[in-house]
Amino acid sequence: MELLKERIRKDGVMKPGHVLKVDNFLNHQMDIGLFNEIGKEFKRRFADVKVDKILTIEASGIGIAAIVAQYFECPVVFAKKSQSINLDGTMLSTQIESFTHKRKYEVIVASRFLSPGENILVIDDFLANGCAAMGLVHLIEAAHANLAGIGIVIEKGFQQGGVLLREKGYRVESLAIVEEMDPETQTITFRE
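Draft legend 1. How the structure looks around the nonpolar core. The biggest cluster of nonpolar side chains holds 34 residues, and the ones touching the most others in it are Leu4, Leu20, Leu26, Ile38, Ile54 and Ile154. When contributions to this core are tallied by element, the ones reaching two or more residues are α1 (2–11), α2 (32–45), α3 (60–72), β7 (119–127), β8 (146–156), β9 (172–182) and β10 (187–190). Sorting elements by how many residues they give to this core places α3 first, with six residues.

What follows is the structure, given as structure tokens:
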């Protein structure tokens, strides 16, 4: 998606340790016009599959998933990183490790929001090591629902997440795949 790549080139900041900051348009401050184009692109790429719900993880994926869901005309469910007093009923849970935060989380979803047989599309902002996406896939499997695919806004192609997911046979559609990035020169190369 050229529009997204150009925005990353213009406003993304590369830091040591394979960190790409896009917080001024994607995952802190949100550019809703760009999100609308992202939603249209995911709808185009997943036009051949039935999508009953979109599943993401808090917090960065929620805004993107909400806009994408408009194009699929379906609800969004997000996995929570903490238990709260207003969560009740049976919960589905799994552990994930965050590349960005360098810590493990138990993420939970009320089982009533993922039903057996539903087709669930995973949407997230980044794919690095694949831990978050695999965690969401585990929740879908635990619910006896079907994985419709995994939509990623930015994939770090030099890390193993995309390879691992694709080797498992999951359909992964990434809108921008970063091949290389150099924090010293602030240059970035995308996979074609």
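Draft legend 2. Local environment of the sheet that holds β9. The sheet built from six strands is open, its strands ordered β4-β3-β7-β8-β9-β10 with mixed pairing. Pairing within the sheet leaves two strands with one partner each, and these edge strands are β4 (76–79) and β10. Between one strand axis and the next, the sheet turns through 25° on average, direction left out of account. Sheet analysis places β8 next to β9, joined by six bridges and oriented parallel. In the strand pairing of β9, isoleucine 154 is matched with alanine 176. Each of β3 (53–57), β4, β7 and β8 touches helix α4 (residues 131–142); the most contacted strand, β8, lies at about 170° to it.

The rules behind the values
Residues numbered from 1 in each chain as written. Predicted model: local features only at pLDDT ≥ 70, side-chain atom pairs only at ≥ 80, totals over all residues. Heavy atoms only, no water. Core = buried A, V, L, I, M, F, W, Y, C linked by side-chain atoms within 4.5 Å. Buried < 20%, exposed > 50% of the residue type's maximum accessible area, 1.4 Å probe, protein only. Helix = DSSP H or I, 4+ residues; strand = E, 2+ residues; numbered from the N terminus. Pairing = 2+ DSSP bridges. Axes fitted to C-alpha atoms, helices over the stretch in contact; angles between N-to-C directions. Contact = heavy atoms within 4.5 Å.

Any functional reading would require information that these geometric values do not contain.
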